[in-house]
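One letter stands for each residue in the lines below.
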Amino acid sequence: AQSVAQPEDQVNVAEGNPLTVKCTYSVSGNPYLFWYVQYPNRGLQFLLKYITGDNLVKGSYGFEAEFNKSQTSFHLKKPSALVSDSALYFCAVRTTNTDKLIFGTGTRLQVFP
Amino acid sequence: GAGVSQSPSNKVTEKGKDVELRCDPISGHTALYWYRQSLGQGLEFLIYFQGNSAPDKSGLPSDRFSAERTGGSVSTLTIQRTQQEDSAVYLCASSLDGELFFGEGSRLTVL
């Protein structure tokens, strides 16, 4: 069975500081990994994905994520946080064997001015 | 259409009534997904379609929940005899190559 864990319910960071939102996964086979963001009263938006190739993936709005196979992690990062980055972030995983995409419980990012 | 369209955007119903939620995916997208998001919670997988067939229905909470997709396009999620615990935002997404595009959701409130 596939699963994904986001161990932090909330992450607080000051504007201008680097941010990290953690994600670990468990799958049988090779994972496809995704990050989505949900702004208040908005639908979910795609940020980035890892399918294969370079372990460092760059996405929208200056976000990036690093795939670490040995640690089964796919942490989301940004070098310098903006107040407008404040939102709910979801990590998701599927495998090559299925189209079923499983989401984590989400991490609320709060960036303070 | 330009994006995934869901209707109604808001539905208030009485306990015991049946409700239907509709999803109109992006044209040409072969995969369609239904998720449920309760207040302050993550996304709970319900079901997904590849074309008109549903390879995985494992997330449907009970036999009161059913979904169908016709013509490889529009999908309907039906909840029979609604209960208060069914109150949530029901999200639909469509996909062509693995990246999901979400609709704005249907907020269901069961009184």
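Residues numbered from 1 in each chain as written. Chains lettered and ligands numbered in written order. Predicted model: local features only at pLDDT ≥ 70, side-chain atom pairs only at ≥ 80, totals over all residues. Heavy atoms only, no water.

## Quick notes on the nonpolar core
- One finds A:Trp35, A:Phe103, B:Tyr35 and B:Phe102 to be the most contacted residues of the largest nonpolar core, which totals 49 residues.
- Per element, the largest residue contribution to this core is 7 residues, and it comes from strand S10 (residues 87-95) of chain A.
- Among residues more than four places away in sequence, those in contact with B:Phe102 are A:Tyr36, A:Leu44, A:Phe103, B:Val4, B:Tyr35, B:Leu43, B:Leu91, B:Cys92 and B:Ala93.
- Within the second largest apolar cluster, 19 residues are counted, among which are B:Val19, B:Ile47, B:Phe49 and B:Phe65. (Core = buried A, V, L, I, M, F, W, Y, C linked by side-chain atoms within 4.5 Å. Buried < 20%, exposed > 50% of the residue type's maximum accessible area, 1.4 Å probe, protein only. Helix = DSSP H or I, 4+ residues; strand = E, 2+ residues; numbered from the N terminus. Contact = heavy atoms within 4.5 Å.)

## A few points about the packing of aromatic side chains
- A complete count under the given rule lists 15 aromatic pairs over all chains for this structure.
- Plain terms: the ring middles of A:Phe90 and A:Phe103 are 6.4 Å apart, the flat faces sit at 80° to each other, and that makes the pair edge-to-face. Here A:Phe103 lies in strand S11 (residues 102-103) and A:Phe90 lies in strand S10, a separation of 13 residues in the sequence.
- Using a relative accessible area of 6% as the deciding quantity, one classes A:Phe103 as buried.
- With 5.9 Å between their ring centres and 75° between their planes, A:Phe103 and B:Phe102 make a pair best called edge-to-face. With A:Phe103 in strand S11 and B:Phe102 in strand S10 (residues 100-102), this pair bridges two chains.
- Overall, B:Phe102 belongs to the buried group, its relative accessible area being 10%.
- An aromatic cluster is built from A:Phe34, A:Tyr36, A:Phe46, A:Phe90, A:Phe103, B:Tyr33, B:Tyr35, B:Phe45, B:Tyr48 and B:Phe102, whose rings are joined through pairwise contacts. (Phe/Tyr/Trp six-rings, centres within 6.5 Å; stacked < 30°, edge-to-face > 60°.)

## Focus on the state of the cysteines
Residue and element names in this part refer to chain B.
- Tallying each qualifying case throughout the model produces 2 disulfides over all chains.
- Note that cysteine 23 is cross-linked by a disulfide to cysteine 92, the S-S spacing being 1.9 Å. Where cysteine 23 bonds to cysteine 92 through sulfur, the torsion about that S-S bond is close to -65°, and the disulfide is left-handed. You can see cysteine 23 sitting in strand S3 (residues 19-24) and its partner cysteine 92 sitting in strand S9 (residues 88-95), a full 69 residues away along the chain. (Disulfide = S-S within 2.5 Å.)

## Quick notes on the interface of chain A and chain B
- Between chain A and chain B, the residue contacts involve 19 residues of the former and 18 residues of the latter.
- Carbon and sulfur atoms supply 51% of the area buried between chain A and chain B, which totals about 1500 Å² over both sides.
- Contact with chain B buries area across many residues of chain A, yet A:Leu44, A:Asp99 and A:Lys100 alone supply 33% of it, more than any other trio.
- For the pair chain A and chain B, the number of links is 1 salt bridge.
- With its nearest N and O atoms 3.4 Å apart, the salt bridge here joins A:Lys100 to B:Asp56.
- In terms of residue class, the side of chain A that touches chain B is made up of 9 nonpolar, 6 polar and 4 charged. (Buried area = accessible area lost by both parts, 1.4 Å probe. Salt bridge = Lys/Arg side-chain N within 4 Å of Asp/Glu carboxyl O. Nonpolar A, V, L, I, M, F, W, Y, C, P; charged D, E, K, R; others polar.)

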